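As a plain string of letters, each chain reads:
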Amino acid sequence: MAPSHLSVREMREDEKPLVLEILKAGVKDTENRVALHALTRPPALLLLAAASSGLRFVLASFALALLLPVFLAVAAVKLGLRARWGSLPPPGGLGGPWVAVRGSGDVCGVLALAPGTNAGDGARVTRLSVSRWHRRRGVGRRLLAFAEARARAWAGGMGEPRARLVVPVAVAAWGVAGMLEGCGYQAEGGWGCLGYTLVREFSKDL
């Protein structure tokens, strides 16, 4: 399916349950890899070992003392990702949320945008997810192109000094990062824990 077969429009209220499912599926596909990446960093391994050693004096089971800290850490990472990406934010100053729709009317992707925190920050992608049944068919690129056009129009209307778009990407989503780099985006920071980045931010002046 070529991008020309897609259209992007604002989400209808009756499409919200489907859009939420697309978002949750997108988070689920990456959260295990992000958790594995986070928990195999040396500081995390050290903390897990210390927690297990402490629990061995409290719990009678060696296996439980070993597995409980890992289970709690994985749950914390997953909950953090779902809190950020698993829900649909309210419409912001850039409108939306937006959905990519095939000619048949099937919703195959979702996009949400928000203004940056400070003047001159440009716009931010707060949600970008493609249905697993429509991946690698140009849907992500079509939504990204729409986000750039929307960010340019918003910056011009607001009198912003420059048009800019920032896209956060989970460290495990190598395909998305490669797509952004191919489209001229550059990594400029992110957030994480214990000094290790879990989500990178890519930006581009439009």
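Just so it is clear, the model here is predicted, and its values are computed rather than measured.

Caption draft 1: Up close: the overall build of the protein chain. When helices and strands are tallied, the protein chain shows five helices and seven strands. The burial tally for the protein chain puts 41% of its 206 residues in the buried class. Summarising the internal contacts of the protein chain: among those between residues at least 6 apart in sequence, 64% fall at separations of at least 24. For the protein chain, the accessible area works out to roughly 11000 Å², and carbon and sulfur atoms hold 59% of it. Looking at the protein chain, you have 26 positive and 15 negative side-chain charges, and the mean spots of the two groups are 6 Å apart.

Caption draft 2: Here's a closer look at the environment of Ala-100. Relative to the elements of secondary structure, Ala-100 occurs in strand β2 (residues 98-102). Given a relative accessible area of 0%, Ala-100 falls into the buried group. C-alpha separation for the pair Ala-100 and Arg-127, spaced 27 residues apart in sequence, amounts to 13 Å. Apart from the residues within four sequence positions on either side, Ala-100 is in contact with Ser-7, Val-8, Asp-106, Val-107, Cys-108, Gly-109, Val-139 and Leu-143.

Caption draft 3: Molecular detail of the domain arrangement of the protein chain. Splitting the protein chain by domain gives domain 1 (8-27 + 87-205) and domain 2 (41-85). Of note, the centres of domain 1 and domain 2, computed from C-alpha atoms alone, are 32 Å apart.

Caption draft 4: Focus on unusual backbone geometry. Following Gly-96, the chain continues into Pro-97 via a peptide bond in cis, with omega recorded as 0°. Here Pro-97 shows up in the loop between α3 (62-85) and β2. At Arg-136, a residue that is not glycine, the phi angle is positive and equals roughly 60°. Relative to the helices and strands, Arg-136 is located in the loop between β4 (123-130) and α4 (139-158). Judged by its relative accessible area of 88%, Arg-136 falls in the exposed class.

Caption draft 5: Looking closely at helix α5 (residues 174-182). Buried within α5 are the following residues: Ala-177, Met-179 and Leu-180. For α5, the arc enclosing every buried residue in end-on projection is 160°, short of the 170-degree limit, so these residues lie on one face. Of the residues in α5, the exposed ones pointing more than 90 degrees away from the buried face are Trp-174, Gly-175 and Gly-182. Residue Gly-184 follows α5 closely and has a positive phi angle near 95°.

Scoring rules and cut-offs
Residues numbered from 1 in each chain as written. Predicted model: local features only at pLDDT ≥ 70, side-chain atom pairs only at ≥ 80, totals over all residues. Heavy atoms only, no water. Helix = DSSP H or I, 4+ residues; strand = E, 2+ residues; numbered from the N terminus. Buried < 20%, exposed > 50% of the residue type's maximum accessible area, 1.4 Å probe, protein only. Contact = heavy atoms within 4.5 Å. Areas by Shrake-Rupley, 256 points an atom, 1.4 Å probe, with all protein chains shown as cover. Lys, Arg positive; Asp, Glu negative; His and termini not counted. Charge placed at Lys NZ, Arg CZ, Asp CG, Glu CD. Domains from an automatic or database assignment. Arc of directions from axis to C-beta.

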